[in-house]
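For reference, the chains in residue letters:
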Amino acid sequence: MVKAEKEIANRPDNTAFTQQRLPAWQPMLSAGIVIPGFVLIGLAFIGIGVALFVTSRSIEVLEIDYTGEDKNSPCFKCSDQDVKNCVCNLEFSLDSLFEGPVFFYYGLSNYFQNYRKYAASRDDDQLSGDLDAFTSPSDSCSPFDLNGNDKPIVPCGAIANSMFNDTFVLYRVVNGVKKLVPLDGKGIAWWTDYNVKYRNPTVTPLKNAFNGTVKPISWPKPAYQLDTSDPANNGFINQDFLVWMRRAALPDFRKLYRRITEGEYEKGLPAGNYSLKIAYNYPVLSFHGTKKVVFSNVSWMGGKNEFLGIAYLVVGSLCVLMSIVMLIVYAKFKFPEDD
Amino acid sequence: MARDSEEDPKAAKRQRKRKQKENKTRTVHANILYDHAKGEENPNRHYANNKIKTTKYTVLSFLPKNLFEQFHRFANVYFVFIALLNFVPVVNAFQPELALAPVVFILSVTAIKDLWEDYRRHRSDNEINHMDCLVYCRVERRYVEKFWKEVRVGDFIRLRCNEILPADVLLLSSSDPDRLCHIETATLDGETNLKQRQVVRSFLDLDCDFDPLKYNGIIECEKPNNDLNRFRGYIVHRSGRRDALYKENLLLRGCTIRNTEDAVGIIIYAGHETKAMLNNNGPRYKRSKLERQMNVDVFWCVIILLVMCLFTAVGHGLWMFQYGDKRPVFDVLSPEGTDLSPVMSAIYLFLTMIIVFQVLIPISLFVSIEIVKICQVFFIHQDLDLYDEETDSNLQCRALNITEDLGQMQYIFSDKTGTLTENKMVFRRCTVAGVEYSHDANAKRLAMYQEMDSEEEECPSRGGTLPRRDSVGSHQSAKVVLRSQSTKSHRRTGSRAEAKRASILSKHTAFSSPMEKDITPDPQLLDKVNECGSQMDFMRFHSQPMSQLPSDLADVLDFFVALTICNTVVVSSPNQPRQKQQLLQPGHQPLLHPRLLSVLSSPSAESTLTKLDEEQNLQQAFSPVPPQYDGRPLSAAEGELRYEAESPDEAALVYAARAYKCSLVRMRFELKSPVKTIEDFIKRFTPSRLTSGSNSSSSSSLVTNRSFTRGCSSVLSSPSAESTLTKLDEEQNLQQAFSPVPPQYDGRPLSAVEGELRYEAESPDEAALVYAARAYKCSLVGRLPDQVTVELPHLGKLSFELLHTLGFDSTRKRMSVVVRHPLTDQITVYTKGADSAIMELIRPPDTGNSKGKRHKKILSRTQHFLNLYAADGLRTLCIAKKVLSKEQYACWLQRHLEAETAIQGREELLFESALRLETNLQLLGATGIEDRLQDGVPETIASLRQAGLQIWVLTGDKQETAVNIAYACKLLDPEEEILTLNADSQEACAVLLEESLHYIQAKFLCSSSEHTTTKSYHSNVSPFGIYTPPPPPSSCPPAPPAVHQLGLVIDGRTLAYALDRSLEDKFLAVAQSCRSVLCCRSTPLQKSMVVKLVRNKLKVMTLAIGDGANDVSMIQVADVGVGISGQEGMQAVMASDFALPRFRYLQKLLLVHGHWCYSRLANMILYFFYKNAMFVALIFWYQFYCGFSGSSMIDQWYLIFFNLMFSAFPQLITGTLDKDVSAETLQQLPQLYTNGQNSEEYKPYMFWMNMIDAFYQSLVCFFIPYFAYADSDVDLFTWGTPITSLALFTILVHLGIETKTWTRMNWLCISFSVSLFFTVALCYNAYCPTCFSPSNPYWSMQRLLQDPLFYLLCVITPAAALLPRYFYRACQGTLFPSPVQVGRQLDKLPAETRRNILSLSGVKMGLPLGPKPHFLSLGKTSFKGCNKKQQQQQQQRRGLQTDSDKELPSADKDTLPYTKDAAPPASKDCLDQTLDASSWITSTPLLSPSDGVQFPPDGDSFCVKYSRGSEDRLKSDQSS
């Protein structure tokens, strides 16, 4: 018996796996499956598309360019780089209630925050409050790591250096009277950025931590003075700073500036005239950029974007169309054969 | 030498080293002489020791050496270059350490694989190195156990039965009485028969145990080399005497000692210098066609990469340029603070982009392909259908990386003998002295076996999913049939149990099957043999000279004697090795030997023995059987015999031997030759010996002295004595477990397995002849180097003293033995060989006397029968003899001995010597041996041909035999015409080829409308013929040569001319238009030349299959070489890429595994290109939105590991497991194989289609998120991560579309991939808030998963991206399915329906499954237009032809297409006309019908012979 077993030592195992007989599902792309399948998928997509489109249509967006390239633009006077501390007022009116919560964005175009070297030019350790990184910033910040006197720049790097510094104040003009619209600057950055990723050094007062460092070259004031009114919004955890540090994906982008959620504006901006006071600081014309402000409300799927709904509708229709084409061809060539 | 070194060791060393280099010989001294001087003085110390080390690396050298080896691969260097480029700050794109990851990963995967392999080698080395053997130790004066690795050159080694040889050993002593040692060389060459090795000549006459201490020779021999069949050297004794050494003296490492209980030898080569190790070369590496194609596309990928980089770089330069001197705020200066010019910036960026886009070059593709191929090899290896139960062998893949080539073969070149046929020779018929004996009963017996075969074959092929059970059932039923008809079952087809038993029995030795053994004698011939025997008996009784025997009877006797002895067959009995071991029980031998020796060495004993010799009754001396052995009273005759044993010593000796079961005591005496001169010569090579000992396979029979018969003729002639002898024999059988007597002889059936003589022959023909002779009671009962014992009817056992054996060689094509005939005492030469070789050497009959007339008649009649045999497909051999006078012999012998002892050019001299002897022969007769077709060969050939494979058979056989075998295996169809090319000269060959071409053109080109619509043979009969894709119209004018219903037969000589450079194109043109080509009488070199020619000129994929050494060159030349294992040695297997146990497995190997491997790999490679291009293109599109800055929205971790981890596994699973069509359908529809032949899965345009698809899909994957997130505050990586995920989904779904079978593994793997990606991403994004600059993706994925937009994107993007492909596939599958898809549709049908359809389709031409011929007709219309043009051209041409050559038939009649049912009536007319008109084309009804081969009624087969006519023509040309 032992010998007999030995004799078939080389015999392969007869298992489904070794004999390649694993049970398998063989999808067959035949007309019977494909055509109904296409119709079903197409219809489902059209359904989703319609829903998305309708949702998207309900979102209101108000965009106002204030670059000031145009001579008629109220900010034209500020577009000259030599003019400092320029302020311009942007007037606009709403015909109907702009439903809340209203998000207030600023937008830049032709601005390459995703430029490879720019995007890397920062020091995350420094921004997380690591004091060692204060004194010797990472090489990645170069050439914005040290100033001419070899003093470390905090926060270092090109991103921080180029921080957007226009400020906006919104007034509702009621009967010629400008009434300040409260803007909510809290929670506009990612929760994790504000609470985990970016940390001020645990030195109090905060100013001391910055001893021996210099502010970024373009900044008018050091980081510990970004928001002197609120220590929880100062330094590296300043929300505007956080928003800026999150690099935009595309050269035309908007970033959240404030939300309008408080008081009487909780339901949205009522119809009427509004005036936006802009502290115009940020130069964009040198690189053919534009600046704009955007008011928008959001739905469950984010801001206004009709594209996705259209995409669903188009793809869905294509599926249906294809199934019809196939049906025609199939009917013409297949059915006579079956007889 | 040793003394030299004392004076100036260094100089001596140098000198010796130089000397060793210069010397072509190796000198081996015995080590024991130098035991005291360890190392330094030992002259053998420079030789390799026996420790083997096949590992490549050591612990220290592993890393550098392995890396060095890996960097030989260009791709690795490239990727390392890219990784290093990343360390340059100006151009770096990723974290430098991270960029190293893929390269390190790939390198380490390969390194681990290498390490594991090396470790396995190390372990097996270790195991081998620590095996034990007995080595003589001078200090202890005995053999001590040592490890193999401690053995050194020059050691004396003692070998016991069943021990494996540790090194190449020169045999100095053997316990065998004949100083023989039997070895089994299966591990070396796969031949399972035992081979004899002989003790070195000068040690032959040692009558006691070999004493190493007395050894004083110095051996000079060749340097180590790998030629297993060559060993030359000599041994120099102290006396100065030189003795030549042959390969017969050398025992090779790895062989096993069998049937010899004890042997001693000296080690000549050890360790890596042994022949076995030198022959050991690893697996072969070839590059497959698919891989070559892939490399082209990898090159295209590089071009695409460079173009993309260049584009980006230029874009970046322009982008920089537009800003001019005003730097935008987001521009970052170089670290030095200096400004970069746009041009410099662009150049740096170019390098950066190479790094970023590196993914486009599929780094993991090479590794993946290797992994997939290993899996494919595993599956092929595991296939039960390719497992041969009988030999317990399965397919071996020796080349690991050309599995997919199996699916792309176009030409098969096959050997015939042993490949198509079993190489099991069956004696069929013979002619003796001009009289034919048809052996009808034998034919019937064989037919029965054949029936059994076919009966059995049908059952398993129906098998479906349970082939095992079915076949078992059929085996059992077959067994019942078999049992009822024959007492023995055929080994090949017997039940499993029986097969198993047979294989157990043949564990150590190969024996013939019953089919080959049980030959039913022809009654007429049997009568003659009996008559002859009794007459001889009578004459001997009356002391008449033997020459008075009627010449026909004498011829019959001589014929059978020649069959029996003119060979190298060794006799053994099946269970001898077992008995051997019993004998080997300690105690017996030492006791026996001294006593025997003491008796035999005493002068009195010797004189007694001499006396015995003179009284010529040696035989009787030990026939008495001890009473306890056999209860029966001994007959008077035996009593007499006992009485004749005069000396009590002798009797004692015999009895002693018996008591120790040493059943045989053999004694040999010096020849007493009447001629003095011969005696002197003979003395030198048959020295007197007196040996004793146990039996061995060759001496396991009773051996008689030459004078035995004369002496006891009185006893033997009486019937009672005869029966007594038989009985005695039987008793011997009981004792020795074999019977020298054929079953019919004593009327009692013997059991099939026990008690049977087994014949082991180097070639199966020889065994067949010996078995045939045995059927006529001329049985070979023993063979020794110098003696053959034959048992003849009425005459008993005769010993032929074997003076010389002139072995077979392929040049002479014959072998001869020179014997002293015991009856006539003449020196007789028996020659056996190919008819062509023998017929030339026959003495021209002297027509003057009646004898001469008779000879002439015999000659002509034999020739006639030979032709008949050949026409029956039998292998023919002629038997001839020659009687030498003593003077002639002495004269020849002198020169022969000179040749034998020559050191230089020995082979040539021996060859010439043989030529001198083999002249003026007298023809005795001829035999026809059938080489049976292997199971399933015709079916395999038919289905391979249906698969579009052109099959050429290249054989060394003669033309008629080959043609008949070709008919039998359906290679040639009786309905097709055969062009036979036989030419005598280059010119004739040229003319023949020219004429053949004309003929083919005239006959077929005129009817080309036929061949274009139905293109070729296989599309004609195939049910799926209309699926064969019509060639694109553009390729219509130079349409590939059509394959017609033509067979081409060409012989070796003509082939040699045709392969000439000037004619090869014509030859190919002719051969290409023939459906099958048969090259006969071709040499191994020609075989390889033909393969090379076809491969190089036609640019096709070739497969060569063969089993013997003569096929090796062909196997090596072909793209894929296949060896048939286990038939004729291992040489073919060693050279092959795949080794199959049987030819019919080729069908599944090619049609199923080849198809699968090809389509899997092709699809995987295409997918790989697509996948990488699609992924890289995403980043490319992004460059338009990031100032061409080389920025990437995909996190670098995802970018690096996307290929290595996230998307790596599903494609591996699909590449390994996907089955486009099931195995059953693939086998039943061989047409599907054309898929691979035409490279339909991977055409060059497909690469570009895939690239375009990849770019399209990446556009979708990029721009849907782009627009979806436009005008939002999305940040870089929150936008990039969904794109990565979408790309992954798209890629996986794409794979899903391309996957044809979804097993659990596929589901598992795809879900694993997806979950791996998300798990890794979630972990990675939660791991560290401040790390992974610059992306720093902390919490991105987590946020993303909360975003409904992400899910919406996940649905729409893959759908939109894959819509076109899916639509295309759906249309293709529904509206114009490819044959493969039809196959898949068939698979889906229930098994019953499918079988019906398939069986229908085999008969009907139409398409039962009928998917839309309309679509094809669309294709055809354009095609027909093209046809018309061609037809017009042809009509013009035809016009010309008819003008110039009126002989040619009008072509219009041929326009009808052939169908299988309607054999070509039109063409027949056409041909008839041709035949009438031309003198040079003749139609001969080629063959007579024979058993087993179905021939058409006469007239349906044509043979267009050009040979005669053209020769005549040439002659007439010359004369005029």
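A quick note: this is a predicted structure, and the numbers were derived from the prediction, not measured.

Chemist: Just give me the short version of the environment of Asp-405 of chain B, but keep the residues and values in it.
Modeler: All names here are of chain B. Looking at the secondary structure, you find Asp-405 in the loop between strand E14 (396-397) and strand E15 (411-414). In this structure Asp-405 touches Arg-287, Ser-288, Lys-289, Leu-290, Met-1101 and Val-1120, once residues within four positions along its chain are discounted. A polar atom in the side chain of Asp-405 sits 3.0 Å from the backbone nitrogen of Lys-289.

Chemist: Lay out helix H40 (residues 1084-1098) of chain B with the relevant residues and their values.
Modeler: Along an α-helix, residues three or four apart share an orientation, since each turn contains 3.6 residues. All names here are of chain B. Along its 15 residues, H40 runs 21 Å from first to last C-alpha, staying within 8% of the 21 Å computed at 1.5 Å per residue. Considered for burial, the residues of H40 that qualify are Gln-1086, Lys-1087, Ser-1088, Val-1090, Val-1091, Leu-1093, Val-1094 and Leu-1098. Residues of H40 that are buried make contact with E15, strand E27 (950-954), helix H38 (1052-1058), helix H39 (1064-1072), strand E31 (1102-1106) and helix H41 (1112-1117). Just beyond H40, the residue with positive phi is Lys-1099, at close to 55°.

Chemist: Summarise the packing of aromatic side chains; cite the residues concerned and give the values.
Modeler: One pass over the full model with this rule turns up 95 aromatic pairs over all chains. Measuring from centroid to centroid gives 5.1 Å for Phe-287 of chain A and Phe-330 of chain B, while their planes differ by 75°, and the two rings are edge-to-face. Here Phe-287 of chain A is found in the loop between strand E10 (272-280) and strand E11 (290-297), whereas its partner Phe-330 of chain B is found in the loop between helix H8 (289-323) and helix H9 (342-356) on a different chain. Accessibility assignment for this pair places Phe-287 of chain A and Phe-330 of chain B in one class, buried. Positioned over the ring face of Trp-116 of chain B is Arg-120 of chain B, at 4.6 Å from the centre of the ring.

Chemist: So what's going on with the pattern of salt bridges? Residues and values would help.
Modeler: Residues and elements named next belong to chain B. Enumeration over the complete set of coordinates arrives at 37 salt bridges over all chains. The partner of Arg-121 in a salt bridge is Asp-118, with the nearest N and O atoms 2.9 Å apart. Taken together, the positions of Arg-121 and Asp-118, both in helix H5 (residues 96-129) and three residues apart, correspond to about one turn of that helix. Across the salt bridge formed by Asp-262 and Arg-158, the nearest N and O atoms sit 2.9 Å from each other. On the criterion of sequence distance, the pair formed by Asp-262 in strand E13 (residues 262-269) and Arg-158 in strand E4 (residues 156-160) is long-range, its members being 104 residues apart. On the accessibility criterion, Asp-262 (19% relative accessible area) is buried. Salt bridges sharing common partners tie together Asp-1253, Glu-1298, Arg-1365 and Arg-1369.

Chemist: Give me the lowdown on a nonpolar patch on the surface, citing residues and values where you can.
Modeler: Residue and element names in this part refer to chain B. Among the surface-exposed residues, Val-296, Phe-299, Trp-300, Ile-303, Val-307 and Trp-1248 lie close enough to one another that they form a single nonpolar patch of about 540 Å² accessible area. With five residues, the top contributor of residues to the nonpolar patch is H8. Secondary-structure assignment places Phe-299 in helix H8. A residue is classified by how much of its surface remains accessible, and Phe-299, at 49% relative accessible area, is partly exposed.

Chemist: Can you explain the nonpolar core? Please cite residues and give values.
Modeler: Counting residues in hydrophobic clusters, the biggest one holds 134 residues, and the most contacted among them are Leu-308 of chain A together with Phe-357, Phe-1169, Tyr-1242, Phe-1262 and Trp-1279 of chain B. Counting residues per element, this core draws most heavily on helix H43 (residues 1145-1183) of chain B, which supplies 20 residues. Apart from residues lying up to four places away in sequence, Tyr-1242 of chain B is in contact with Leu-290, Gln-293, Met-294, Asp-297, Tyr-1158, Ala-1162, Ile-1165, Leu-1166, Phe-1169 and Phe-1247 of chain B. Residues Val-181, Leu-206, Ala-223 and Tyr-257 of chain A belong to the second largest nonpolar core, which totals 72 residues.

Chemist: Can you lay out the environment of Lys-214 of chain B for me, pointing to particular residues and giving the numbers?
Modeler: With respect to the element layout, Lys-214 of chain B can be found in the loop between strand E7 (194-198) and strand E8 (218-222). Along the chain, Lys-214 of chain B and Gln-922 of chain B lie 708 residues apart, while their C-alpha atoms are 51 Å from each other.

Chemist: Break down the pairing of strand E3 (residues 86-94) of chain A for me, with residues and values.
Modeler: Residues and elements named next belong to chain A. Covered by surrounding structure in E3 are Cys-86, Cys-88, Leu-90, Phe-92 and Leu-94 only, the residues Val-87, Asn-89, Glu-91 and Ser-93 on the alternate face being uncovered. Judged from the nine bridges that link them, E3 and E10 form a sheet pairing that is antiparallel. Bridging across to E10, Phe-92 finds its partner in Tyr-274.

Chemist: Let's hear about the interface of chain A and chain B: which residues, and what values?
Modeler: Residue-level contacts link 88 residues of chain A with 111 residues of chain B. Between chain A and chain B, roughly 8,700 Å² of surface is buried when both sides are summed, and carbon and sulfur atoms account for 64% of that area. Run the count over chain A and chain B and you get one salt bridge. The salt bridge partner of Arg-246 of chain A is Asp-1275 of chain B, with a shortest N-O separation of 3.0 Å. Taken together, the links from chain A to chain B amount to 23 residue pairs in polar contact (both at pLDDT 80 or more). Counting only elements with at least two residues in the side of chain A that touches chain B, the list comes to helix H1 (2-7), strand E1 (24-25), helix H2 (31-57), helix H3 (116-120), helix H4 (124-127), helix H7 (191-197), strand E8 (253-260) and helix H10 (307-333) of chain A. Its residues assigned to classes, the side of chain A that touches chain B shows 53 nonpolar, 16 polar and 19 charged. In this sheet, strand E34 (residues 1302-1303) of chain B lies alongside E1 of chain A in antiparallel orientation, the contact comprising two bridges. Following the sheet pairing, Trp-25 of chain A is matched in E34 of chain B by Trp-1302 of chain B.

Chemist: Please set out the state of the cysteines residue by residue, giving values where relevant.
Modeler: Each disulfide consists of one covalent bond between the sulfur atoms belonging to two cysteines. A full pass over the atoms with the stated rule returns four disulfides over all chains. Cys-141 of chain A shares a disulfide with Cys-156 of chain A; S-S distance 1.9 Å. With Cys-141 of chain A in the loop between helix H5 (131-135) and helix H6 (158-161) and Cys-156 of chain A in the loop between H5 and H6, the pair connects residues that are 15 residues apart, well separated along the chain. On the basis of relative accessible area, Cys-156 of chain A is assigned to the buried category, the value being 2%. A sulfur-sulfur distance of 1.7 Å marks the disulfide that ties Cys-1328 of chain B to Cys-1331 of chain B. Where Cys-1328 of chain B bonds to Cys-1331 of chain B through sulfur, the torsion about that S-S bond is close to 70°, and the disulfide is right-handed. A relative accessible area of 10% means that Cys-1328 of chain B is categorised as buried. Ordinal numbering of bonded cysteines along chain A defines a disulfide pattern of 1-4, 2-3, 5-6. A disulfide-free cysteine, Cys-133 of chain B has its sulfur positioned 13 Å from the sulfur of Cys-137 of chain B, the nearest such atom.

Reading guide: rules and limits
Residues numbered from 1 in each chain as written. Chains lettered and ligands numbered in written order. Predicted model: local features only at pLDDT ≥ 70, side-chain atom pairs only at ≥ 80, totals over all residues. Heavy atoms only, no water. Helix = DSSP H or I, 4+ residues; strand = E, 2+ residues; numbered from the N terminus. Contact = heavy atoms within 4.5 Å. Polar contact = N/O pair within 3.5 Å; in protein donor to acceptor, adjacent residues only side chain to side chain. Expected span 1.5 Å × (residues − 1). Buried < 20%, exposed > 50% of the residue type's maximum accessible area, 1.4 Å probe, protein only. Phe/Tyr/Trp six-rings, centres within 6.5 Å; stacked < 30°, edge-to-face > 60°. Lys NZ or Arg CZ within 6 Å of the ring centre and 35° of its normal. Salt bridge = Lys/Arg side-chain N within 4 Å of Asp/Glu carboxyl O. Patch = residues over 30% accessible without salt bridge, like charges linked within 9 Å, V, L, I, M, F, W, Y side chains within 5 Å. Areas by Shrake-Rupley, 256 points an atom, 1.4 Å probe, with all protein chains shown as cover. Core = buried A, V, L, I, M, F, W, Y, C linked by side-chain atoms within 4.5 Å. Pairing = 2+ DSSP bridges. Buried area = accessible area lost by both parts, 1.4 Å probe. Nonpolar A, V, L, I, M, F, W, Y, C, P; charged D, E, K, R; others polar. Disulfide = S-S within 2.5 Å.

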